Amino acid sequence: MKTMHWLIPSAILPLLLASCTTRELGTTPAKPAVKAVGDTAAVIDEEAASQDYPDYIEERVGDLYLKYGQSPGVVLRAFDIPVLNSSLIAVVTPGWGDQYYVSFNNMTLMRDSRVEDYEGGRRIVIRHELAEEYESPFTATETHAILPNNVYKVTLDFEFDSDDPAILEWRVGGFNPNLVAGVPFTANFPDETVTGVTPYEAQGATAAVTTVARAFNDLTINSRIGDIVIESIPDNDLVLFDYRKNAYAMDDNPMFWFGYLERPIPARQKMRYEYSIRLPEKLTDDSTSSGTHVVDAAVSEEETVRIPNLERDFIIPKPKSVVYTDDTLLIDENTVIYMGPDPGEGIRTAVDFLLKDLAEIYEIHPRVVEGPVPDNVPNGSILLGEVERWKDPAAFLSKAGLSIPEHHEGYALHVGDGLVLIGANTEQGVFYGVTTLVQLVSVTPNGIGFRGADIMDYPSLDFRGVHALSGKNAGDQIAKAVRDLMARYKMNAFIWECQYIIWDNAPELEHPQYAMTKADAQKVIDSASRYFVDLIPLVQSLGHSEWIFTNGHNLDIAEDPETPYAYNPTNPRTYEFIFTIFEEALEFFQPTGFHIGHDEVTMRGRFPYRSRDSGLSVTDLIMMDTIKLNDWFRERDIDVYLWGDMFLHSSEAPDATFAPTPEIAKERRDRLPKDMIVVDWHYQPVAAAEYTSIPLWRDEGFEVIGAGWYTPANIHQLAIACIEAGVRGYLQTTWAGFNFRIDGNEAAWYQYWVYITAAHYAWSGDERTPDALPFIPKDEFINTWFRTKPLLEERTGRFIDLSPAFNRSVIDRDGTEWLGYGPDNDFRSLPKGTPLMGETVFSLVDDNEENGALLLYGKMNPAGSFPELVELKVDGLQASELRFLMTTTFPTAEHSEVGS
């Protein structure tokens, strides 16, 4: 007797939760020296765990809650509803070239923080000042006060002790859009009063387009919890603008940006900015709770409620040419995979990759045949091979009207006429054909098969890489990422920053938090070798050389022994040490290329300090070291990669420009050996044409790889810039801490799911913007990493009728129903009847004449009385699974519970 699985989809309605709000931005491990100042995540020094000062301070006064920490800066809540979060202070040179101070980079920000009584309430006082060795001319005192009657006051007293040009950007917080989007406002200026409505949906990507008000006396926002009144001094130029579609915006932290944009700082003057916010003294009483509702719910007869339903209408990366057909080819245990009479190891890898996906996800185990195909190839067969070893796939492809691209990574794929055909000039091309084929699987009630398609494909860039760090006990995680986040999406290079491997020649440098054994590292080497990923070790040299001084060792070769960051390029023992490590790394990795780092050389400590007696300039020291290292590797026939920031001036690129003048930048490039490969990193999201250093390097005779970070717009436009300039490739960098970790590290996932974004653009050159892509990289990442399995057979269950509990229409007829946003922003397009949504059937009513949804109580609900809990009485019914169709009235936090 077949076991019955009871499934109870929600009958007739979407279940709506109204009390959800955006989350506060959490701390996310990032690169200790952040390479961009934008809406980036917090920087965590993983060695600062022993600090004797708090991570944050929090206070409550009346209905207000205030919290401040290094990241996310300020958090302000009223009535336990988020109002502001994610503050940031940045002092930089005009054009965002050099950084004088960035608050989330200040690891000791909370060291001198304090709380004190103030005007009947409490205030938090924060001192913004870097340690002396950083020689920053910016100092400031920031105060945040919460007072009786729900008043919030903020001041910033600051001074810039230098004649160098500088600008201040102070995001005093991001307003929760759930409070302020789509509501009326009134702004009073010295000469006029302006009224309007904030945008319900984001209307643009820049402050110039999305500004609500700027340089006002006061601004009143009729928010969803009552009037919020902001008071300021017009000359201070306080601005509120919609940041939700900004190029720097984080998907999981939408906000209305509030603060001071790029204000020039006068030299050696005491300055003050201040403002206040008056929040409602009590919540509006429009929405009330009616407690618990008990409903006698009718239950339907048993019927089919879950149906296999999987078919993608996209491939990642997008192929150069793809035509879908209706000729689905079903596969099962009788399917045969032919890989020719003399398959190489790469073909076996491709077949194993296909077999693993079919077995683990679809429970299908085809038979594999090594040898020639029979005269009459059985229907449902899969033929794959590279031209030189086995010509049959190419011949079959030719009959189907497809030719194999000339590019060594290109492939042709045909699903139709009862066969799957994959042909390429190389084993790597065949493997990429297989990574496309696994995306053509469709699952229906009729069976599992490959969607019919004709594809000819090749990459837009030859180098498509990922940069990441090593990690303690991280070998399995990184090896899996190489296979499933790099190779699966046709990334072919891995620049692996691995200086914290435990070197045989320097065991004393074993780091207590970051050390990785060679046995663990070997797992990564093996994975890269198997899956056509060129592993290029990166061991930091000159700058970012803290690893050399781990556990207090080698301080004799530190350039500044008080800040052991860079090594001394005039001390012969420096090279005795570093070449010993390099030699060991070459023996271990057997690479064709090596990345020597060399970024941000002068960022920390005194440089020069020990080398100053040599009379050599900073440029001389950098070039002497770079050339010495390049010569050493070239003698061993190893390509040398290095970061490009020390060779660019701020007039030559949007960021990552640390040469002090254009002339010095040009001198350094002129002295740089032309056989070095420049990895030109830029994290500012600008138009492709504004990445001007990419063609500059190319025109000066260098091989160039552009490198971006986590912002989708940055990835897209920089990849396009590299393609248009015809340079070598694109690299996706990862700064998520010195320990690579995905499992259990949700806060850093945004840096890993963009591997898929980068792979897509670097291969395809797709002109579509990230928000126009037919897939969501985050969802693709989660499904891939956690091996999401589709439903493979129909399942029966019952519907529960929730209509007795309905209290809301999904159609806004007169501007007061649904959520009150008008007919353009309701749920009238929700399917009626019994639509299949994903793999689940729901029964939805047409509520033209009646309500069709249940809205639960929330503090920002429309006017009315709503239950906090609904109890459905279904006596005697047993189920293994419950499925409700749910949404939230406002965005809420990733990984947070919105209902139960």
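For the structure given in this document, a descriptive report is provided here. A quick note: this is a predicted structure, and the numbers were derived from the prediction, not measured.

1. With respect to the overall build of the protein
- A count of helical and extended segments in the protein gives 14 helices and 50 strands.
- For 900 residues, the compact-globule estimate of 2.2 N^0.38 gives 29 Å, and the C-alpha radius of gyration of the protein, at 30 Å, lies within 12% of that figure.
- The buried share among the 900 residues of the protein stands at 59%.
- In the protein, once contacts between residues fewer than 6 apart in sequence are set aside, the share between residues at least 24 apart is 73%.

2. Examining the packing of helix H7 (residues 518-530) against helix H8 (residues 572-589)
- Following both chains from N to C, one finds H7 and H8 inclined at 50°, their axes separated by 11 Å at the closest point. As the angle between them shows, H7 and H8 are arranged oblique. Mapping the contact onto sequence places Lys518, Ala521, Gln522 and Ile525 in H7 and Glu584, Phe588 and Phe589 in H8.
- Class assignment of the residues belonging to the contact of H7 with H8 gives a composition of 4 nonpolar, 1 polar and 2 charged.

3. Examining the packing of aromatic side chains
- For the structure on display, the rule yields 48 aromatic pairs.
- Seen in terms of ring centroids, Phe314 and Phe775 are 5.7 Å apart; in terms of plane orientation they differ by 35°. Their pairing is tilted. Of the two residues, Phe314 is situated in the loop between strand S23 (303-306) and strand S24 (321-324) and Phe775 in the loop between helix H13 (749-764) and helix H14 (777-785); the sequence distance between them amounts to 461 residues.
- Pairing Phe594 with Phe633 gives two aromatic rings, centres 4.7 Å apart and planes at 25°, and the pair type is stacked. One end of the pair, Phe594, is in strand S37 (residues 593-597); the other, Phe633, is in helix H9 (residues 618-634), and 39 residues separate them in sequence. Like Phe633, Phe594 is buried.
- Of the aromatic side chains, those joined through ring pairs into one cluster are Tyr567, Tyr575, Phe579, Phe582, Phe594, Trp632 and Phe633.
- Lying over the aromatic face of Phe588, Lys518 brings its terminal NZ or CZ to 5.2 Å of the ring centre.
- Positioned above the aromatic ring of Trp632, the side-chain terminus of Arg636 is 3.8 Å from the ring centre.

4. Considerations on the packing of H13 against H14
- Contact geometry of H13 with H14 gives a least axis separation of 8 Å together with a crossing angle of 100°. With respect to each other, H13 and H14 are oriented roughly perpendicular. In this structure, H13 uses Trp749, Tyr752, Trp753, Ile756 and Thr757 to contact H14, whose residues at the interface are Pro777, Lys778, Glu780, Phe781 and Ile782.
- For the contact of H13 with H14, the residue count by class is 7 nonpolar, 1 polar and 2 charged.

5. Points about the environment of Asp52
- In this structure, Asp52 sits in the loop between strand S1 (7-17) and strand S2 (56-61).
- For Asp52 and Trp763, which are 711 residues apart along the polypeptide, the C-alpha to C-alpha distance reads 48 Å.

6. Quick notes on the sheet that holds strand S17 (residues 226-231)
- Strand order in the open sheet formed by 9 strands is S8-S9-S10-S11-S20-S17-S16-S13-S14, and the pairing between neighbours is antiparallel. Single-partner strands in this sheet number two, and they are strand S8 (114-118) and strand S14 (193-197). On average, each strand axis in the sheet is inclined to that of its neighbour by 15°, with strand direction left out of account.
- Pairing of strand S11 (residues 151-160) with strand S20 (residues 271-278) involves 8 bridges; the strand directions are antiparallel. Following the sheet pairing, Thr155 is matched in S20 by Glu274.

7. A look at H9
- With 17 residues, H9 extends 24 Å between its outermost C-alpha atoms, agreeing within 8% with the 24 Å of an ideal straight helix rising 1.5 Å per residue.
- Those residues of H9 that fall on the buried side of the exposure criterion are Thr619, Leu621, Ile622, Met623, Asp625, Thr626, Leu629, Asn630, Trp632 and Phe633.
- Looking at the buried side of H9, the elements it contacts are strand S36 (534-541), H8, S37, strand S38 (639-643) and helix H10 (662-671).

8. Observations concerning the pattern of salt bridges
- This model, assessed by the stated rule, comprises 55 salt bridges.
- Two residues, Arg272 and Glu274, come together in a salt bridge whose shortest N-O distance is 4.0 Å.
- Taking the shortest distance from any N to any O, the salt bridge between Asp675 and Arg634 comes out at 3.3 Å. Here the residue Asp675 occupies a position in the loop between H10 and strand S39 (677-681), and Arg634 occupies one in helix H9, the gap between them amounting to 41 residues.
- According to the relative accessible area criterion, Asp675 is partly exposed, its value standing at 36%.
- Arg634 gets classed as partly exposed once you look at its relative accessible area, which sits at 26%.
- Connected through shared salt-bridge partners, Lys356, Asp357, Glu360, Arg483, Asp484, Arg488 and Arg787 make up one network.

9. Considerations on the sheet that holds strand S41 (residues 729-732)
- Read around the barrel, 8 strands follow the order S34-S35-S36-S37-S38-S39-S40-S41 and close on themselves; strand pairing throughout is parallel. Pairwise comparison of adjacent strand axes, ignoring direction, gives a mean angle of 25° for this sheet.
- Judged from the 5 bridges that link them, S39 and strand S40 (residues 703-708) form a sheet pairing that is parallel. Directly across from Val678, in S40, lies its bridge partner Val704.
- Lying on the sheet, H9 is in contact with S36, S37 and S38; it crosses S38 at an angle near 150°.

How each quantity is defined
- Note that residues are indexed from 1 along each chain, following the sequence as it is written.
- Where totals are concerned, whole chains, interfaces and linings use all residues; where local detail is concerned, this predicted model gives features only for residues with pLDDT of at least 70, and gives and counts side-chain atom pairs only at 80 or more.
- To get the side-chain values, all heavy atoms of the structure are used, and hydrogens and water are removed first.
- Helix and strand definitions follow DSSP, with helices as H or I runs of at least four residues and strands as E runs of at least two, each counted in order from the N terminus.
- To get the radius of gyration, use the C-alpha atoms; to get the globule rule, take the number of residues to the power 0.38 and multiply by 2.2 Å.
- Burial classes: relative accessible area under 20% of the type maximum marks a residue as buried, over 50% as exposed, and values in between as partly exposed (1.4 Å probe, protein chains only).
- By definition, residues are in contact when any of their heavy atoms lie within 4.5 Å.
- Lines fitted to the C-alpha atoms define the axes, with helices restricted to the stretch that makes contact. Angles between their N-to-C directions range from 0 to 180 degrees.
- Throughout this description, any angle smaller than 35 degrees is read as roughly parallel, any larger than 145 degrees as roughly antiparallel, any in the 65 to 115 degree range as roughly perpendicular, and the remainder as oblique.
- Any residue outside Ala, Val, Leu, Ile, Met, Phe, Trp, Tyr, Cys, Pro, Asp, Glu, Lys and Arg is labelled polar, Gly included; the first ten of those are nonpolar and the last four are charged.
- Two rings from Phe, Tyr or Trp (for Trp, the six-membered ring) form a pair when their centres sit within 6.5 Å of each other. Planes less than 30 degrees apart are called stacked, planes more than 60 degrees apart edge-to-face, and all others tilted.
- We call a charge positioned above a ring when the Lys NZ or Arg CZ atom is no farther than 6 Å from the ring centre and deviates by at most 35 degrees from the ring normal.
- In this scheme, strands are said to pair when DSSP sees at least two bridges between them.
- In this analysis, the expected span of each helix is defined as 1.5 Å times one less than the number of residues it contains.
- By definition here, a salt bridge exists when the distance from a side-chain nitrogen of Lys or Arg to a carboxyl oxygen of Asp or Glu is within 4 Å.

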